Structure formats: C-alpha cells, structure tokens
Amino acid sequence: MKRKFFLLAIISLVVLSTCSACAIAEQGEKGSKVVNIGYFPNLTHIATIVALEKGYFTDAFGKDIKINKKTLSNGGLFMEAMATKSIDVGTVGPGPVLNFYVKEPNYHIISGAVNGGAVLVASEHSAIKQLADLDGKKVAIPGIGGTQDIMLRKALKDVGLKPAANGGTVEMFVVAPADTATLFIQKSLDAVAIPEPWGYILETQTNGKLLLDWESFAWGKESTNTVVAASKMFMEDEKLVNAYLTGHVKAVEFIEQNPEESQILFIKHIKELTGKEIDKDELEVAFKRLKVTTSVNEEVIQEMADISKEAGYIPSSDIEGLIQLDQLKSIAGK
C-alpha cells in the first residue's frame, strides 16, 4: 500500500507541476521585491526543496524580498518560463540551459546541484540484458533535448548505436515519467532513461531491470544532472545572486551532513503539495543514487553541448560564457 501512495504522490506532483508552469507570477525590474524560484518536484532538486524548507533563501534574501516558488515538470517548461521572465533562478538540467543559451545567451549556470540521479531501466518483457540490446528497441526520455536525452545518446554512442531520428535503430519517444510504469506493464515500451525516484519505482512496481545505474549511466558519478540556472537580468543584481547562492550552499552542506533529516524534509514538502506520504524506505534507496554538490563538471557540460549539436538541437556547440561560477567560489570560500 505504501508503494501505491508513493506512486500516487509522484503522479499528483506532475499534474501540479504542469499547472504551476502555466501561472505567470509578478515580475519586477532590476531590484524587484519578488524573486521567482523554479524547480522540479523531483529528488534531484532536493537542494532547492531543503533550502525552502529550512528557510535558507528567506534568511539570505531578507524580509524585503518576497520569494515566489514555481514547480515545473521538465526543463523545456523551466527555460520557457525563464525566457518569459516568470522564473529568475532555480534548478534544472544542464541540457535545456545550454540549448537555450546557444540560441540566446541570456541564461547562465551558476552552480551545480546534483550529480548522477538518473538511470536506464529496461522493462521485464523486453529481454534486454545489456546496452547493445537496445538495437531496434523503443526507449523513452522525459523530454527532447533534456539531460536524460543527452545522456542516452552518450550511452548509445559508446556501443555504436544511434537514435532512429539520426539514422540509427533505436526509437526514442518522449514519455512523462508518471506514464512509464503503465507503458511497461502494457509492453508498449522497452526501456527508459529517467531521473530518480522514477527508476526505483519501475524496478519495484513493474519488475524493471536496472540496465545502467547512476554510477555507470553516461558520465556516471561525474554526470552533472542538475544545476542552478539564472537569467541574465537576475544576474545583474549581484546581491540577489549572492543571496540565492548563500541559501543554496547552506542547503547542500546541510544535506551532506544530515541526509536522513533532509529526506524527511523532502517527504514533508511533497506531502504539503500532494497530501500523500512518500515511503521513507523507498526514498532512501533512490537518494543513494545521487550526489548533492555545488560542483559543475565543465567538460561534461561541453560534451553535452557537442552531443546536442550532433542531434540537431542547436546550431553550434560553442557555450563559452554559459558557466559563471565566480560568485559561487566566493561564497563557498567564506
């Protein structure tokens, strides 16, 4: 029964996230009294959730700044919201950020948030035993150009495979994570590249096979899965950037030192959004498949850009200026 509640909670989050992405919050000019913070209701965004729950952002911004929280379901929606100025800063996968940056350099990565946290799971019926067995199979991703899309392309390339859209044999489909369990059971999908805790849900709910765990999928532990992204307009106010990063760094340090309490805070946050209780034991397993960090692997981000260009998502893989870590280093060094 607990597992059913866990799955229901996550499904409810996706519905809530989609609705939240439609709302346009108050947005001011430089020096605005409102800071719009975006994030996904996923475990890979636990740093943002802990910072909100512990009041780190509130303390850092001060009483004169109002924090407006916005939950979204995928990186494309996040970046569209940032482009329309309804999000100033928050956590998102690096794939969508670099894709938008190449087309219009108004967005920057200012910190890391999570490494790993994504897995490749094969369905029980697929008979897939190794990566090479994906030849001719149907594989789901959360979104086109997203981080799991790029990670899957990296993994396929390593064994000489390519997506069908690029002249290969692996059929890639966009599927909402909440729908993957049903498609596995219906035998309509062979595998999925997916962030946690969805991977663990597929293993426990559908007898899915963990084909590549977080330590071996794409760049493994070095995979920068989630980053802090900020708009160019937001970055014009150094005090606001410093405040956000101060709260973010405190959250990362808290999670590193207090993993169990951090998971309790995550469960609390999700329950407030959905009314459902996440199973603590299941969350603990999923939590072990990621590393919370402020570090950004710039070589990995560049390779992601190269793969994105090969896929035809962007016209150039030149991302010089995308990553801006000077303020993070200043704060982390205090």
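Look up a bit, the structure's there.
Residues numbered from 1 in each chain as written. Predicted model: local features only at pLDDT ≥ 70, side-chain atom pairs only at ≥ 80, totals over all residues. Heavy atoms only, no water.

(A) Structural detail: the pairing of strand 10 (residues 224–231). Strand 10 sits mainly inside the fold: eight of its eight residues count as buried. Two strands pair when backbone bridges link them, and strand 3 (residues 89–92) and strand 10 are joined in this way by four bridges, in the antiparallel orientation. The residue of strand 10 that forms the bridge with Gly90 is Ala229. Taken together, the seven bridges between strand 4 (residues 107–116) and strand 10 define a ladder with antiparallel strand orientation. If you follow Gly112 over to strand 10, its bridge partner there is Val227. (Buried < 20%, exposed > 50% of the residue type's maximum accessible area, 1.4 Å probe, protein only. Helix = DSSP H or I, 4+ residues; strand = E, 2+ residues; numbered from the N terminus. Pairing = 2+ DSSP bridges.)

(B) Spotlight on the packing of helix 7 (residues 177–185) against helix 8 (residues 198–206). Between helix 7 and helix 8, the least distance of the axes is 10 Å, while the angle of their chain directions is 25°. Taken together, the axes of helix 7 and helix 8 lie roughly parallel to each other. Note that helix 7 runs across helix 8; the crossing there is right-handed. Contacts from Pro177, Ala178, Thr180, Ala181, Phe184 and Ile185 of helix 7 reach helix 8 at Trp198, Leu202 and Thr206. (Axes fitted to C-alpha atoms, helices over the stretch in contact; angles between N-to-C directions. Parallel < 35°, antiparallel > 145°, perpendicular 65-115°, else oblique. Left-handed = near helix turned anticlockwise from the far one by under 90°. Contact = heavy atoms within 4.5 Å.)

(C) Up close: the environment of Lys103. Along the chain, the position of Lys103 falls in helix 5 (residues 94–103). Take Lys103: its relative accessible area is 59%, and that puts it in the exposed class. It is 8.0 Å that separates the C-alpha atoms of Lys103 and Pro315, two residues lying 212 residues apart in sequence. The contacts of Lys103, once residues within four sequence positions are left out, are Tyr313 and Ile314. A distance of 3.5 Å separates a polar atom in the side chain of Lys103 from the backbone oxygen of Tyr313. (Polar contact = N/O pair within 3.5 Å; in protein donor to acceptor, adjacent residues only side chain to side chain.)

(D) Region of the structure containing the sheet that holds strand 6 (residues 138–141). Taken together, the five strands give an open sheet; going across it, the order is 7-6-8-5-9, and neighbouring strands pair in mixed fashion. The two strands at the open ends of the sheet, each matched to only one other strand, are strand 7 (171–174) and strand 9 (209–212). Each adjacent strand pair in this sheet contributes to an overall mean axis angle of 30°, direction not counted. Across the sheet, helix 8 touches strand 5 (118–122), strand 8 (191–195) and strand 9, and the angle it forms with strand 8 is around 135°.

(E) Spatial organisation of the nonpolar core. Among the nonpolar cores identified, the biggest contains 94 residues, and Leu120 and Leu134 are the most heavily contacted of them. Top element by residues in this core is helix 10 (residues 238–257). It accounts for 10 residues. With residues up to four places along the chain from it excluded, the contact list for Leu120 reads Leu131, Leu134, Val139, Leu152, Val192, Ala193, Lys209, Leu210, Leu211, Leu212 and Phe217. One finds Ala140, Ala181, Trp198 and Trp214 within the second-largest nonpolar core, a separate group that totals 14 residues. (Core = buried A, V, L, I, M, F, W, Y, C linked by side-chain atoms within 4.5 Å.)

(F) Spatial organisation of the sheet that holds strand 1 (residues 34–39). An order of 2-1-3-10-4-11 is seen for the six strands of this open sheet, with the pairing classed as mixed. Among the strands making up the open sheet, the edge pair consists of strand 2 (66–71) and strand 11 (290–292). Pairwise comparison of adjacent strand axes, ignoring direction, gives a mean angle of 25° for this sheet. The sheet contact formed by strand 1 and strand 3 spans two bridges and is parallel. Of the residues in strand 3, the one forming a bridge with Gly38 is Gly90. Here helix 10 sits on the sheet in contact with strand 1, strand 3, strand 4, strand 10 and strand 11, set at roughly 5° to strand 4.

(G) Just unusual backbone geometry, in detail. Residue Pro197 is reached from Glu196 by a cis peptide bond, and omega for that bond is 10°. Here Pro197 is to be found in the loop between strand 8 and helix 8. For Lys187, which is not glycine, the phi torsion reads 60° and is therefore positive. Within the secondary structure, Lys187 is located in the loop between helix 7 and strand 8. You can call Lys187 exposed: its relative accessible area is 59%.

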